[in-house]
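# Structural overview for review
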Amino acid sequence: MIGVEMGWRQLLFANWPVEPEVVERGLPEGLEVDTYDEKAWLSVVPFTNVAVRPRGLPDSIGVDLPELNLRTYVTVPGEDRPAVFFYSLDADGWLSVLGARLAFGLPYYNADIKMIERDGAIRYRSRRAHPGDQPLRFDARYEPTGDRLDAEPGSLAEFLTERYRFYVGGPGGTIAYANVDHDVWSLRPATVEFRKNEIFRANNFAEPDGEPICYYSSGVDIVSSGRKWLK
């Protein structure tokens, strides 16, 4: 299946540590929780996709697609590829949502999203508009603070951001995946004010305790493979 190219821009990675069993019960069979300091992590990631198009086509034909996702970190026994598992992905655009569901089997939902940059800060508001599904409202303001930080090998920042594969559950207990190629993230510390955050409730999680560890990135350009199936 054909892959896609796009840019990921103005990302917030807001990361909460949780006990591994919190995320384990929601994973498809065959995926294992990946932990750091014996904790699993739930990450809320608002950003915008730019110039989304089939792989190999010029970016001038691509479309922009704001997105909000909730993810955790997983591995597959025998596969040396730390990866991401998405619980939900809210995006603004029916056709793009339908295309992503069909092409990758990802749990995309249509949403009305407004993303405004002012004085270096991002105001991000999202309201799920997918018929018959859990309502989800999200309203946050985030901005980078401080100097660039390097995701050193073995660091938490590397664990949470340097992931080049995602897995999805398929029919009959199968597992599919796609590989994602991009440059190393350029990260900065970030601050965030959550004015409304229903993403955990909409995915049947309790609100995690404590404040998240947050990173900001201006973005990377990515190339994704098509969906493939583990043997």
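These lines cover the structure that appears in this document, whether it is placed above or below. (Residues numbered from 1 in each chain as written. Predicted model: local features only at pLDDT ≥ 70, side-chain atom pairs only at ≥ 80, totals over all residues. Heavy atoms only, no water.)

## Details of the overall build of the protein chain
From N to C terminus, the protein chain includes four helices and 13 strands. Residues counted as buried form 50% of the 231 residues belonging to the protein chain. In the protein chain, of all internal contacts separated by at least 6 residues, the share reaching a separation of at least 24 is 68%. For the protein chain, the accessible area works out to roughly 11,200 Å², and carbon and sulfur atoms hold 49% of it. Each charge sign in the protein chain was given a centre, from 26 positive and 35 negative side chains, and these centres are 6 Å apart. (Helix = DSSP H or I, 4+ residues; strand = E, 2+ residues; numbered from the N terminus. Buried < 20%, exposed > 50% of the residue type's maximum accessible area, 1.4 Å probe, protein only. Contact = heavy atoms within 4.5 Å. Areas by Shrake-Rupley, 256 points an atom, 1.4 Å probe, with all protein chains shown as cover. Lys, Arg positive; Asp, Glu negative; His and termini not counted. Charge placed at Lys NZ, Arg CZ, Asp CG, Glu CD.)

## Notes on the pattern of salt bridges
Within the structure shown, the criterion is met by 13 salt bridges. Between Arg137 and Glu198 there is a salt bridge, with the nearest N and O atoms lying 3.0 Å from each other. Of this pair, Arg137 sits in strand E8 (residues 137–144) while Glu198 sits in the loop between strand E11 (188–197) and helix H4 (199–202); the two residues are 61 residues apart in sequence, bridging distant segments of the chain. In this structure, a network of salt bridges that share partners links the residues Arg137, Glu198 and Arg201. (Salt bridge = Lys/Arg side-chain N within 4 Å of Asp/Glu carboxyl O.)

## Description of helix H2 (residues 94–104)
Those residues of H2 that sit buried are Val97, Ala100 and Phe104. The arc enclosing the buried residues of H2, seen along the axis, measures out at 75 degrees, which places them on a common side. The outward face of H2, more than 90 degrees from its buried face, is lined by the exposed residues Leu95 and Leu102. Looking at the buried positions of H2, the neighbouring elements they touch are strand E1 (4–18), strand E5 (79–91), strand E6 (108–118), strand E9 (165–169), strand E10 (175–182) and strand E12 (213–224). Among the residues trailing H2, Gly105 stands out with phi positive, at a value near 70 degrees. (Arc of directions from axis to C-beta.)

## Details of the side chain of Asn15
Inspection of the secondary structure puts Asn15 in strand E1. For Asn15, the side chain forms a polar contact with the main-chain oxygen of Phe13, separated by 3.2 Å. Side-chain polar atoms of Asn15 contact the side chain of Ser43, separated by 2.5 Å. If we skip the residues at most four places from it in the chain, Asn15 touches Trp41, Leu42, Ser43, Tyr73, Leu160, Pro212, Ile213 and Tyr215. (Polar contact = N/O pair within 3.5 Å; in protein donor to acceptor, adjacent residues only side chain to side chain.)

## A closer look at the pairing of strand E7 (residues 121–128)
Bridge count between E6 and E7: eight bridges; the pairing is antiparallel. Within E7, the position partnered with Ile116 by the bridge is Arg123. (Pairing = 2+ DSSP bridges.)

## Here we look at the layout of surface pockets
Of the pockets and cavities examined, the largest pocket occupies roughly 710 Å³. In terms of lining residues, the largest pocket is bounded by 38 residues, among which Val4, Met6, Trp8, Phe104 and Tyr108 are the most central. Broken down by secondary-structure element, the contributors of at least two residues to the lining of the largest pocket are E1, strand E3 (40–54), strand E4 (63–76), E5, H2, E9, E10 and E12. Taken together, the residues that form the lining of the largest pocket break down as 25 nonpolar, eight polar and five charged. (1 Å grid on protein atoms, 1.4 Å probe; cavity = no way out; pocket = protein on both sides within 12 Å on 5 of 7 lines; lining within 4 Å. Points joined across faces, edges and corners; volume = space filled by probe spheres on them. Nonpolar A, V, L, I, M, F, W, Y, C, P; charged D, E, K, R; others polar.)

## Looking at the packing of aromatic side chains
Taken as a whole and judged by the stated rule, the model has 15 aromatic pairs. Ring centres 5.6 Å apart and planes at 55 degrees place the aromatic pair Tyr73 and Phe159 in the tilted group. Residue Tyr73 is found in strand E4, and its partner Phe159 is found in helix H3 (residues 156–161); the two are separated by 86 residues along the sequence. Across the pair, Phe159 and Tyr73 agree in class, each one buried. Plain terms: the ring middles of Tyr142 and Tyr216 are 6.4 Å apart, the flat faces sit at 45 degrees to each other, and that makes the pair tilted. Here the residue Tyr142 occupies a position in strand E8, and Tyr216 occupies one in strand E12, the gap between them amounting to 74 residues. Here the two residues Tyr142 and Tyr216 agree in accessibility, since each one is buried. (Phe/Tyr/Trp six-rings, centres within 6.5 Å; stacked < 30°, edge-to-face > 60°.)

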